[in-house]
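Structural overview
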Amino acid sequence: MYIRKGRDNGYLVFFVGLTLLTLLSSCGVMRTLKIRCAAPDPPSGLDPDIIVSARYGDDVIADGDCTPYRTVTAAMKAVKADEVVWVAPGIYDAERGEKFPIQLPPGVTLVGDEANKGSGPVPTVIIGSGPAYKNYHATIKGAGGAGGTTVSGLAIRTGDKKLLRFGIYSADAGITIRNNNFSDSYGGVTLHGGGDPLVEGNVFKTSAYGVYTHCLGTATIRKNDFIEGSYIDNVHGDAIIKENNFSGNSYRAISVQYGNPLVEGNSFHASYVHGALSLHYEASPVVRGNRFEVQGGNGVQIKGQAQPDLGTASDPGGNVFTGTGGTAIVNESGAVVYAVGNRWNSDKPVCGTDIKIVKSGKVVWGAGAGESCD
């Protein structure tokens, strides 16, 4: 039985039960009364303020405690800032009463089975989507605000792969999206406006974008798995993209369009039509310590006015291109790109094979005289 701090009506139930037991005892009627919460037990160490259970819940009489809510939608209307809502294993969809997109209030923690990223023996699945903003549809719509809002431990699916269907839509928010599983969708997470969102430890198995970020703040995207071709696109601002793993053939793995993001410690294991790291417009990322085990296509593709920093004499890149089956770096811009202190297929990169120059640009790969391709 789940025994918790409770709300006022929980204490009322306890008081009535105790009074009834006293009366029965005084009348000489000795029987055992069992008062049991309908709510399932949350994971060890989690003390939620509100419980949601598709199996045991009832939105009409719910107190969020002994009588859990049946839908996440109803729980989000009852929750207060700084409270924790636990979603018990089960399926949460329109057929069971959910209204999409589910609106997440500021400062709320929505958590399911975080240990299994929502994909435990009985998955914790939210399926569906609705209009979030203009042409965007989403399963969950994040709240704006400085921070404190968290979504974790859920298997999130839109249920279709139509254009601009995302698991989570968030704008101008310091939201944390952690240890979820995104699949059966066009995209996983889309970030817009300002704020400093964190996307960490998730699994993305989407038909296109894993994370589509137009965030102008500092979006941190780290320690995620992007599989079967899902990728990070439209990076702006000073994003931090670290320690992610990309597998599955795709057009690209990370696409940067503007700003000075840090791209560090990521691993690429597939073939990419437009480069594992695809740079456009005025992208000027700092690229350090990545492993490009690219089987076909390009490791880094540079276009437009992009001018990445792939390593200098004073700050070596530390990127590894030794597993590259295609071309390590293709420079299609007119810029001079520094790529000093990296590892290549051989001791020195071969111009025209490891490094290709398409226009009037140049790639400086060493600190010595003549150690460049142009």
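Everything numeric here is computed off the predicted structure, so don't read it as measured data.

**Observations regarding the overall build of the chain**
The secondary structure content of the chain amounts to 2 helices and 35 strands. Counting only C-alpha atoms, the chain reaches 100 × 40 × 30 Å along its principal axes. Counting only residues that meet the buried cut, the chain has 53% of its 374 residues in that class. Averaged over its 33 positive side-chain charges, the chain has a centre that lies 4 Å from the centre of its 35 negative ones.

**Re the sheet that holds strand E16 (residues 203–205)**
Whether parallel or antiparallel, the strands of a sheet pair through hydrogen bonds between backbone atoms. Strand order in the open sheet formed by 9 strands is E3-E6-E10-E13-E16-E19-E22-E25-E29, with parallel pairing between adjacent strands. The open sheet has two edge strands, strand E3 (90–92) and strand E29 (291–292), and neither has a second partner. Where strand E13 (residues 181–183) and E16 come together, 3 bridges link them in parallel fashion. Counterpart to serine 183 in the pairing with E16 is lysine 205.

**A look at the nonpolar core**
Formed by 77 residues in total, the largest nonpolar core has its most connected members in Ile140, Ile254 and Ile329. Apart from the residues lying within four places of it in its own chain, the contact partners of isoleucine 140 are Pro101, Ile102, Leu104, Leu110, Ile126, Val151, Leu154, Ile156, Gly167, Ile168 and Tyr169. Tyr136, Phe166, Tyr169 and Tyr209 belong to the second-largest nonpolar core, a separate cluster that totals 11 residues.

**Describing the sheet that holds strand E12 (residues 176–178)**
The parallel open sheet is built from 10 strands, whose spatial order is E1-E2-E5-E9-E12-E15-E18-E21-E24-E28. The strands lining the two open edges of the sheet, one partner per strand, are strand E1 (50–52) and strand E28 (286–288). Each neighbouring strand pair of the sheet contributes to a mean axis angle of 10°, computed without reference to strand direction. Bridge count for strand E2 (residues 84–87) against strand E5 (residues 109–111) is 3 bridges, and the pairing is parallel.

Rules and cut-offs
Residues numbered from 1 in each chain as written. Predicted model: local features only at pLDDT ≥ 70, side-chain atom pairs only at ≥ 80, totals over all residues. Heavy atoms only, no water. Helix = DSSP H or I, 4+ residues; strand = E, 2+ residues; numbered from the N terminus. Buried < 20%, exposed > 50% of the residue type's maximum accessible area, 1.4 Å probe, protein only. Lys, Arg positive; Asp, Glu negative; His and termini not counted. Charge placed at Lys NZ, Arg CZ, Asp CG, Glu CD. Pairing = 2+ DSSP bridges. Core = buried A, V, L, I, M, F, W, Y, C linked by side-chain atoms within 4.5 Å. Contact = heavy atoms within 4.5 Å. Axes fitted to C-alpha atoms, helices over the stretch in contact; angles between N-to-C directions.

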